[in-house]
Amino acid sequence: MTQNSSHPKQRKEQKNRPAAEAFEALEKLYRRVDKEISESGVECWLRGDCCNFEKVDHTLFASSLELEYVRKKHPETFPPDNALCPFWEDGRCVERKRRPLGCRTYFCDGNFAEQLQAIYEKYHSEIRELAKRYDIPYSYKPFVLALRT
Ligand code: SF4
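**A word on the overall build of the chain**
In terms of helices and strands, the chain carries six helices and four strands. Along the chain, helices (α) and strands (β) appear in the sequence α-α-β-α-β-β-α-α-β-α when read from the amino end. The buried share of the chain, taken over its 149 residues, is 18%. Sequence-distant contacts, at least 24 apart, represent 84% of the contacts inside the chain between residues at least 6 apart.

**A short note on the site of the ligand**
In the vicinity of the ligand, the contacting residues are Cys-51, Leu-60, Cys-85, Phe-87, Trp-88, Cys-93, Glu-95, Arg-99 and Cys-103. The residue inventory of the shell around the ligand, partitioned by class, reads seven nonpolar, no polar and two charged.

**Side note on helix 5 (residues 113-133)**
Here helix 5 is 21 residues long and its end C-alpha atoms lie 30 Å apart, about the 30 Å a rise of 1.5 Å per residue gives. Count one or two residues on from helix 5 and you reach Asp-135, which has phi positive near 60°.

**So, the packing of helix 3 (residues 64-73) against helix 5**
Helix 5 packs onto helix 3 with a crossing angle of 75° between their chain directions and a minimal axis gap of 9 Å. When the axes of helix 3 and helix 5 are compared, the pair comes out roughly perpendicular. Contact residues: Ser-64, Leu-65 and Glu-66 in helix 3; Ile-127, Leu-130 and Ala-131 in helix 5. Classifying every residue of the contact of helix 3 with helix 5 by side-chain character gives four nonpolar, one polar and one charged.

**Describing the nonpolar core**
Ranked by size, the top nonpolar core spans 11 residues in total: Ala-22, Phe-23, Leu-26, Tyr-30, Leu-65, Tyr-69, Val-70, Leu-101, Ile-127, Leu-130 and Ala-131. Counting residues per element, the ones that place at least two in this core are helix 1 (8-40), helix 3 and helix 5. Among the elements that line this core, the one with the most residues is helix 1, at four residues. Ignoring any residue separated from it by four or fewer positions in sequence, one finds Leu-101 in contact with Val-33, Glu-66, Tyr-120, Tyr-123, His-124 and Ile-127. Cys-51, Phe-87, Phe-143 and Leu-147 belong to the second largest nonpolar core, which has eight residues in total.

**Brief notes about helix 3**
Taken residue by residue, helix 3 has Leu-65, Glu-66, Tyr-69 and Val-70 as its buried positions. Down the axis of helix 3, the sector holding all buried residues measures 140°, keeping them to one side.

**A look at the environment of Glu-21**
On the secondary structure map, Glu-21 appears in helix 1. Judged by C-beta crowding, with 13 C-beta atoms within 10 Å, Glu-21 ranks as partly exposed. Between the alpha carbons of Glu-21 and Tyr-134 there is a distance of 8.0 Å; along the sequence they are 113 residues apart.

**Here we look at unusual backbone geometry**
A positive phi angle, close to 55°, is found at Leu-46, a residue other than glycine. Examined against the element boundaries, Leu-46 turns out to sit in the loop between helix 1 and helix 2 (53-56). A positive phi angle, close to 50°, is found at Asp-90, a residue other than glycine. Checked against the element boundaries, Asp-90 lands in the loop between strand 2 (88-89) and strand 3 (92-93). Among the residues examined, Asp-90 registers 6 C-beta atoms within 10 Å and is labelled exposed.

Parameters and conventions
- Residues numbered from 1 in each chain as written.
- Predicted model: local features only at pLDDT ≥ 70, side-chain atom pairs only at ≥ 80, totals over all residues.
- Helix = DSSP H or I, 4+ residues; strand = E, 2+ residues; numbered from the N terminus.
- Buried ≥ 20, exposed ≤ 12 C-beta atoms within 10 Å, placed from the backbone.
- Contact = placed C-beta atoms within 7 Å.
- Near = placed C-beta within 6 Å.
- Nonpolar A, V, L, I, M, F, W, Y, C, P; charged D, E, K, R; others polar.
- Expected span 1.5 Å × (residues − 1).
- Axes fitted to C-alpha atoms, helices over the stretch in contact; angles between N-to-C directions.
- Parallel < 35°, antiparallel > 145°, perpendicular 65-115°, else oblique.
- Core = buried A, V, L, I, M, F, W, Y, C linked by C-beta atoms within 7 Å.
- Arc of directions from axis to C-beta.

Written out as structure tokens, the structure is:
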């Protein structure tokens, strides 16, 4: 059977393959990020308010590839009348597997700010390259706003 005469389901699978491969590559990258963070010595103080962006006056950004990765599991619409991340429940993250790079590199301990920023920039440029490799148009948006619009 030639590629053009393939079954519609097969064609859909072929079309989805780049995204699936990109997500797999992103998961591998996240594992490297988590390892580097754990080796850096920075620790979570378990205050439970790092995702309370209004309180800590922080805007979390994420790239289009990361947003697509989250959206694959959460295609639903989240109410726009809330500035909090929809995955922040009772002071904890319920979507740790898919949380973007910005969440993985954000800690309260200011002593690590420069080191964490360097880690962020290094992996963010890798994510940009990944998107390019898999033909996923690059954009960079406030994470919560993107989920809630
Ligand atoms: S994805 Fe998780 S860690 Fe990131 S802002 Fe939302 S609740 Fe916090």
